[in-house]
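Observations on the model geometry
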Amino acid sequence: MNLFTQFYKSTHSPKTIASFRFQGIGKTILYVFLLSLISILPVLFFLGSTIVTGLSSFDQTVKKDFPDFQIVNGTLQSDAKDPIEKKIGNYIIVFDSSGKYGAKEMEQKENAVGLLKNQFIMVSGGQSQSYTYNMTGNVDLTKAEIVDILNQLNSMKPILLSVLAFIVYFFSSASKFIEVTVLALIGLLLKKLAGKKANYKNLWVISAYSVTLGTLFFTIMGALQANVPSPGLLNWFIHIVLFYLALKEIPGSTSNKKLA
């Protein structure tokens, strides 16, 4: 059975998930990487869209609509007393040297790019990525120098997108492996409640496939940019319920036969 067939069956069939428990660990690890990739597709789409559109728009807006400014000791300084907003298409570009805007205010704008008092921030689908001005050292910059940097970044967008995609995928994969491992540890308790026999390797494999439904649900919600109340609790509720249902499908004593 290929990985995509396993993915489909794992969204609705606890019995099939239970049947995967004797599968080799290598194929299961590959499946977790597949889940990680699927889970970040909306993030990569919106992040890429923000970078491509945001950088181009931000470049022009900095030149024409922002007042003269400089960044000194990690702080944006200008004569502007209030934040300046410029809407371009679906994006809002913000200049704020007053300190009135932070990540929370920017995230409310759904899709935005901001040059704030202490950080540069990009928001896509209500999710923000921020970078402090002094993250690469105590560098002082003027408006003209930042315009030059933006011009260079615009020419490097394919490289930036590739690097960011790798970083997002790396952390997503690490998070997914931790998620599967924690669920398998919880499974050590659940198997006693269910009266089943299974070793930790069996439980880890079942865990990997049990997180499929939750991963798919939140991927769809991310693509729709829908707000889900208490996402962490709901995510773990789905994982544990599906894991327990799969555990119930295991016979009282584990067979020594391996999955064909």
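Residues numbered from 1 in each chain as written. Predicted model: local features only at pLDDT ≥ 70, side-chain atom pairs only at ≥ 80, totals over all residues. Heavy atoms only, no water.

1. Some words on helix H7 (residues 200-210)
- For H7, the buried fraction is high: nine of the eleven residues fall into the buried class.
- The backbone nitrogen of Lys 201 has a side-chain oxygen 3.2 Å away, supplied by the residue at the start of H7, namely Asn 199. (Buried < 20%, exposed > 50% of the residue type's maximum accessible area, 1.4 Å probe, protein only. Helix = DSSP H or I, 4+ residues; strand = E, 2+ residues; numbered from the N terminus. Polar contact = N/O pair within 3.5 Å; in protein donor to acceptor, adjacent residues only side chain to side chain.)

2. Looking at the packing of aromatic side chains
- Evaluation of the coordinates by the stated rule reveals eleven aromatic pairs.
- With centroids separated by 6.2 Å and ring planes inclined at 20°, the aromatic side chains of Phe 177 and Trp 204 adopt a geometry described as stacked. Here the residue Phe 177 occupies a position in helix H6 (residues 157-194), and Trp 204 occupies one in helix H7, the gap between them amounting to 27 residues.
- Residue class for Trp 204 comes out buried when judged on its relative accessible area of 9%.
- Clustering of aromatic rings is evident, with ring pairs tying together Phe 33, Tyr 169, Phe 177 and Trp 204. (Phe/Tyr/Trp six-rings, centres within 6.5 Å; stacked < 30°, edge-to-face > 60°.)

3. Considering the sheet that holds strand E3 (residues 84-88)
- Pairing in this open sheet of five strands is mixed, and the strands run E3-E4-E5-E6-E7 from one edge to the other. Two strands lie at the open edges of the sheet, namely E3 and strand E7 (127-132), each paired on one side alone. Neighbour-to-neighbour, the strand axes of the sheet open up by a mean angle of 15°, direction not taken into account.
- With six bridges joining them, strand E6 (residues 119-124) and E7 adopt antiparallel strand pairing. Across the sheet, the residue bridging to Ile 121 is Ser 130, located in E7. (Pairing = 2+ DSSP bridges. Axes fitted to C-alpha atoms, helices over the stretch in contact; angles between N-to-C directions.)

4. Notes on the environment of Thr 50
- Tracing the sequence through the fold places Thr 50 in helix H3 (residues 25-64).
- Exposure remark for Thr 50: the relative accessible area of 1% places this residue in the buried category.
- In this structure, the C-alpha to C-alpha distance between Thr 50 and Ala 226, residues 176 residues apart in sequence, is 18 Å.
- If we ignore the near neighbours within four places in the chain, the residues touching Thr 50 are Leu 55, Tyr 91, Val 113, Met 122, Val 123 and Ser 124. (Contact = heavy atoms within 4.5 Å.)

5. Overview of the pairing of E6
- Burial analysis of E6 places six of its six residues in the buried class, which makes it a mostly covered element.
- Remark: three residues form the turn of the hairpin made by strand E5 (residues 112-115) and E6, two consecutive strands paired antiparallel.
- Two successive antiparallel strands, E6 and E7, enclose a turn made up of two residues, where Gly 125 displays a positive phi of approximately 60°.

6. Here we look at the sheet that holds strand E2 (residues 75-78)
- Taken in spatial order, the three strands of this open sheet run E2-E1-E8, and their pairing is antiparallel. Each having just a single partner strand, E2 and strand E8 (141-142) make up the two edges of the open sheet.
- Bridge count for strand E1 (residues 69-72) against E2 is four bridges, and the pairing is antiparallel. Residue pairing for E2: Val 72 is matched across the bridge by Thr 75.

7. A closer look at a nonpolar patch on the surface
- There is a patch of nonpolar side chains on the surface, built from Met 156, Ile 159, Val 163, Phe 166, Ile 167, Phe 170 and Phe 171 and spanning about 720 Å² of accessible area.
- Looking at where Met 156 falls in the secondary structure, it is placed in the loop between helix H5 (143-155) and H6.
- On the basis of relative accessibility, which here comes to 34%, the residue Met 156 falls in the partly exposed class. (Patch = residues over 30% accessible without salt bridge, like charges linked within 9 Å, V, L, I, M, F, W, Y side chains within 5 Å. Areas by Shrake-Rupley, 256 points an atom, 1.4 Å probe, with all protein chains shown as cover. Salt bridge = Lys/Arg side-chain N within 4 Å of Asp/Glu carboxyl O.)

8. Section: the packing of H7 against helix H9 (residues 231-248)
- Relative to each other, H7 and H9 sit at 130°, their axes nearing to 9 Å. In terms of their interaxial angle, H7 and H9 are classed as oblique. Judged by the twist between their axes, the crossing of H7 over H9 is right-handed. Each of Leu 203, Ile 206, Ser 207 and Ser 210 in H7 lies in contact with H9, whose residues at this interface are His 239, Leu 242, Phe 243, Ala 246 and Leu 247.
- Of the residues in the contact of H7 with H9, the class split is six nonpolar, three polar and no charged. (Parallel < 35°, antiparallel > 145°, perpendicular 65-115°, else oblique. Left-handed = near helix turned anticlockwise from the far one by under 90°. Nonpolar A, V, L, I, M, F, W, Y, C, P; charged D, E, K, R; others polar.)

9. Observations regarding H9
- Over its 18 residues, H9 runs 26 Å from end to end, which matches the ideal 26 Å to within 8%, given 1.5 Å per residue.
- Residues of H9 that are buried include every one of Asn 235, Ile 238, His 239, Leu 242, Phe 243, Ala 246 and Leu 247, and no others. Here the buried residues of H9 occupy an arc of 160° about the axis, which is enough to place them on one side. Relative to its buried face, H9 has exposed residues pointing more than 90 degrees away, namely Leu 233 and Phe 237.
- Where H9 is buried, its residues contact helix H1 (3-10), helix H2 (14-19), H6, H7 and helix H8 (212-224). (Expected span 1.5 Å × (residues − 1). Arc of directions from axis to C-beta.)

10. Details of unusual backbone geometry
- Despite not being glycine, Glu 110 shows a phi value in the positive range, around 70°.
- Topologically, Glu 110 is positioned in the loop between helix H4 (103-107) and E5.
- Of note in this structure, Ser 230 is not a glycine but carries a positive phi near 45°.
- Looking at where Ser 230 falls in the secondary structure, it is placed in the loop between H8 and H9.

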